[in-house]
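An overview of the molecular structure
The lines below spell out each chain.
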Amino acid sequence: MRGYVTLLIALVVISCKNEPIKTVSMKEDVVALADDAMGGRQTGTEGELMAAKYIEDRMVAIGLEPKGDAGVYTQAFTFKKSSNPHEQAEFTNLTEDGAVTGVNVIGYINNNAENTVVIGAHYDHLGTGGEGSLYRDDDTSIHNGADDNASGVAILLALAKTLKAEQSANSNYLFIAFSGEEIGLLGSNYFVKNPTIDTKKVSYMINMDMVGRLNEEKVVAVYGVGTSPRFKQTLFANNDQGLSISEHESGVGPSDHTSFYLADIPVLHFFTGQHSDYHKPGDDSDKLNYEGMEKISAYILNIVRDLDGAGKLAFRKTKNESEEVPAFKVALGVVPDYLYSGEGMRIDGVSEEKAAQKAGMQKGDTVIKLGDLDTPDMMSYMKALATFDVGQSTIVTFKRDGEINTVKVTF
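Counted residue by residue, strand β13 (residues 366–370) has four buried out of five residues, so it is predominantly covered. Bridge count for strand β12 (residues 345–350) against β13 is two bridges, and the pairing is antiparallel. Along β13, the bridge assignment pairs Met345 with Val367. Of the strand pairs in this sheet, β13 and strand β14 (residues 373–374) are connected by two bridges, and their pairing is antiparallel. Each residue of the ladder has a partner; that of Leu370, found in β14, is Leu373. In textbook terms, the turn of a hairpin is the stretch between consecutive antiparallel strands, and for β13 and β14 this stretch comprises two residues, one of which, Gly371, has a positive phi near 60°.

Structure representation (structure tokens):
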């Protein structure tokens, strides 16, 4: 596939010279970014720089203005990883031992408007695995991150192309491809602290992370709905793609929108759910739902167009759902379905040799009770789970194909 990447980059370069070129599709962007030649795009590596150059060339071809450091498209940030995996990396300078440099890529549409909309997606991934990998068979396999998050970058570039062609007079648009997301939202954190525009003039921020696997039910999770009073109505008024919207109020979550929310900027974060290839080498470009990505892109474009004349949106703080998560000593051994919005906690995956599998539970089962405690939603499930200790047994009540079942599990 290296030849494909070389060809595609060459085509982009030709485009930069204002010569005729075919449109680069979202699939082509994903295939290029998720190619083995990029080495998994880990922050601070040659593969990250290759990906950054690819994105920069695409921004040039689209006609975006550079809005990184000192008139270029890139914004470098240097950090030092903590020896404690539970501590955040710290920004530093290149003279520090062990310092690593990452690169954000930033393009701009200047419509001479009062306010700016930020549209972002991270492009870094895990390289050959390491600490963030969930793959245990071979720790040297390239993790290409097609869904996580070449998918978000591909939609970002598609939106940039369309919005550049429209030349809207009511908003400016800043497009940021973040690095350092996988190791603590570093790129977005750095940008918010070292912005290349006046962030007091930012109306809102849209983030796209893992938007490449729209399921058959067409469920899209949208986080940050509560961060501005305008969002909820806008989300549902512009859904002409037949999507099922799973809305979440909180502006805090494990992706780059959090950095902007913490700076009192309204945010919307789009996500199509986890899957068995998450943080594994199997997250490749041939597994993405490109028609689904087109739908999500069209949906976000509708939202942006609708909000174009709204000016600077009012910001509203939301309850931090992550702070409410209780500490628990045991696990059922399941992956929750984060897109599910019905009653109970629906299972999206079952771990080998864990309590749920040993009891015969399956993907698609919906837990409605742990022992005597009802679990009408994810939070109540976690609170119920926190009441158990290792070695204890309980009865799990769940629904399967509309029927209520019970099994005994031992933690």
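After that view, the rundown keeps rolling.
Packing of helix α4 (residues 146–166) against helix α8 (residues 290–306) brings their axes to within 10 Å, and their N-to-C directions diverge by 45°. Taken together, α4 and α8 sit at an angle that is classed as oblique. Relative to α8, the crossing made by α4 is right-handed. Between α4, through Ser151, Ala154, Ile155, Ala158, Leu159, Thr162, Leu163 and Glu166, and α8, the contact on the second element is made entirely by Met293, Ile296, Ser297, Ile300, Leu301, Val304 and Arg305.

The next subject is the side chain of Ser285. Assignment of secondary structure puts Ser285 in the loop between β10 (267–271) and α8. Classification of Ser285 as buried rests on a relative accessible area of 16%. Apart from residues lying up to four places away in sequence, Ser285 is in contact with Val30, Val31, Ala146 and Tyr290.

Along the polypeptide, His279 turns up in the loop between β10 and α8. Within the structure, His279 has its side chain in polar contact with the side chain of Glu182 (distance 3.2 Å). In terms of polar contacts, His279 uses its side chain to reach the side chain of Tyr278, at 3.5 Å.

To continue, consider the nonpolar core. In this structure, Ile55, Met59, Ile119, Tyr123, Phe175, Met208 and Phe270 are the most contacted members of the largest nonpolar core, which totals 60 residues. For this core, the leading source of residues is α4, giving 10 residues. Excluding its chain neighbours within four sequence positions, the residues that come into contact with Tyr123 are Arg41, Glu48, Ala51, Ala52, Ile55, Val103, Val105, Val153, Ala177, Phe178 and Ser179. With 21 residues, the next largest nonpolar core counts Ala356, Met361, Met382 and Val407 among its residues.

So, on to the packing of aromatic side chains. One pass over the full model with this rule turns up 11 aromatic pairs. The rings of Phe77, Phe79, Phe91 and Tyr190 are connected pair by pair, giving a single aromatic cluster.

In this structure the tally under the stated criterion is 14 salt bridges. Notably, a salt bridge pairs Lys232 with Glu249, separated by 3.7 Å at the nearest N-O pair. With Lys232 in helix α6 (residues 231–237) and Glu249 in the loop between β9 (244–248) and α7 (257–261), the pair connects residues that are 17 residues apart, well separated along the chain. Residue Lys232 is classed as partly exposed on the basis of its relative accessible area of 39%. Accessibility expressed as a relative area gives 35% for Glu249, which makes it partly exposed. The network of salt bridges with shared partners includes Arg213, Asp277, Asp283 and Lys287.

We now examine unusual backbone geometry. Backbone geometry follows two general trends: most residues other than glycine have a negative phi, and most peptide bonds adopt the trans configuration. Here the residue pair Asp148 and Asn149 is connected by a cis peptide bond, since its omega of 5° sits within 30 degrees of zero. Here Asn149 shows up in helix α4. One non-glycine residue, Arg41, adopts positive backbone phi at about 55°. By secondary structure assignment, the location of Arg41 is in the loop between α2 (26–33) and α3 (46–62). Under the relative-accessibility criterion, Arg41 is labelled buried at 1%. One non-glycine residue, Leu185, lies in positive phi territory at about 55°. Residue placement: Leu185 occurs in the loop between β6 (172–178) and α5 (186–193).

This part takes up the packing of α2 against α8. In a packed pair of helices, the relevant descriptors are the angle between the two axes and the axis-to-axis distance. Look at α2 against α8: their axes get within 10 Å of each other, and the N-to-C directions meet at 115°. When the axis of α2 is compared with that of α8, the two are roughly perpendicular. The two elements α2 and α8 meet at a crossing, and its hand is right-handed. Contact residues: α2 offers Met26, Lys27 and Val30, while α8 offers Tyr290, Met293, Glu294 and Ser297.

About the thresholds
Residues numbered from 1 in each chain as written. Predicted model: local features only at pLDDT ≥ 70, side-chain atom pairs only at ≥ 80, totals over all residues. Heavy atoms only, no water. Buried < 20%, exposed > 50% of the residue type's maximum accessible area, 1.4 Å probe, protein only. Helix = DSSP H or I, 4+ residues; strand = E, 2+ residues; numbered from the N terminus. Pairing = 2+ DSSP bridges. Axes fitted to C-alpha atoms, helices over the stretch in contact; angles between N-to-C directions. Parallel < 35°, antiparallel > 145°, perpendicular 65-115°, else oblique. Left-handed = near helix turned anticlockwise from the far one by under 90°. Contact = heavy atoms within 4.5 Å. Polar contact = N/O pair within 3.5 Å; in protein donor to acceptor, adjacent residues only side chain to side chain. Core = buried A, V, L, I, M, F, W, Y, C linked by side-chain atoms within 4.5 Å. Phe/Tyr/Trp six-rings, centres within 6.5 Å; stacked < 30°, edge-to-face > 60°. Salt bridge = Lys/Arg side-chain N within 4 Å of Asp/Glu carboxyl O.

These figures come from the coordinates and say nothing about function on their own.
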